[in-house]
Amino acid sequence: MNASVGDRLHMHGNIVGQSDRIGEIVEVRGHDGGPPYVVRFEDGHTRLVFPGPDAVVEVPGQRSGTDR
């Protein structure tokens, strides 16, 4: 998984009833665009994220759900 600042991280809920979380990547701390990422979520919270297999990077202007 690779990302750039400004991309969106879409983490799908992995428990019944848990909603998806979507946030903007504001900092990439991994090598060559790899995780971890600092993500600002829609609720205003910012945190360091090591995305798992339930997450995809969405590039602005591309179709939703694509992974780079």
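Residues numbered from 1 in each chain as written. Predicted model: local features only at pLDDT ≥ 70, side-chain atom pairs only at ≥ 80, totals over all residues. Heavy atoms only, no water.

### Some details on the overall build of the chain
For step 1, the next point in the chain: Per the secondary structure count, the chain includes zero helices and five strands.
For step 2, the next point in the chain: Starting at the N terminus and ending at the C terminus, the chain contains elements arranged as β-β-β-β-β.
For step 3, the next point in the chain: What you see for the chain is a C-alpha radius of gyration of 11 Å, in line with the 11 Å of a compact globule of 68 residues.
For step 4, the next point in the chain: Considering the chain as a whole, with its 68 residues, one finds that 32% of them fall into the buried category.
For step 5, the next point in the chain: For the chain, long-range pairs separated by at least 24 residues make up 39% of all intrachain contacts whose partners lie at least 6 apart in sequence.
For step 6, the next point in the chain: Accessible area of the chain: about 4,400 Å², with a carbon and sulfur share of 49%.
For step 7, the next point in the chain: Taking the average location of the 7 positive side-chain charges in the chain and that of its 10 negative ones, the two points are 2 Å from each other. (Helix = DSSP H or I, 4+ residues; strand = E, 2+ residues; numbered from the N terminus. Rg over C-alpha atoms; globule rule 2.2 N^0.38 Å. Buried < 20%, exposed > 50% of the residue type's maximum accessible area, 1.4 Å probe, protein only. Contact = heavy atoms within 4.5 Å. Areas by Shrake-Rupley, 256 points an atom, 1.4 Å probe, with all protein chains shown as cover. Lys, Arg positive; Asp, Glu negative; His and termini not counted. Charge placed at Lys NZ, Arg CZ, Asp CG, Glu CD.)

### Structural notes on the nonpolar core
For step 1, the next point in the chain: Listed in full, the 10 residues of the largest apolar core are Ala3, Leu9, Met11, Ile25, Tyr37, Val39, Phe41, Val49, Ala55 and Val57.
For step 2, the next point in the chain: Looking at this core, the elements with two or more residues in it are β1 (8–11), β3 (37–41) and β5 (55–58).
For step 3, the next point in the chain: Broken down by element, the residue count for this core peaks at three residues, all from β3.
For step 4, the next point in the chain: Every residue in contact with methionine 11, bar those within four places of it in the chain, is listed here: Asp20, Arg21, Phe41, Val49, Asp54 and Ala55. (Core = buried A, V, L, I, M, F, W, Y, C linked by side-chain atoms within 4.5 Å.)

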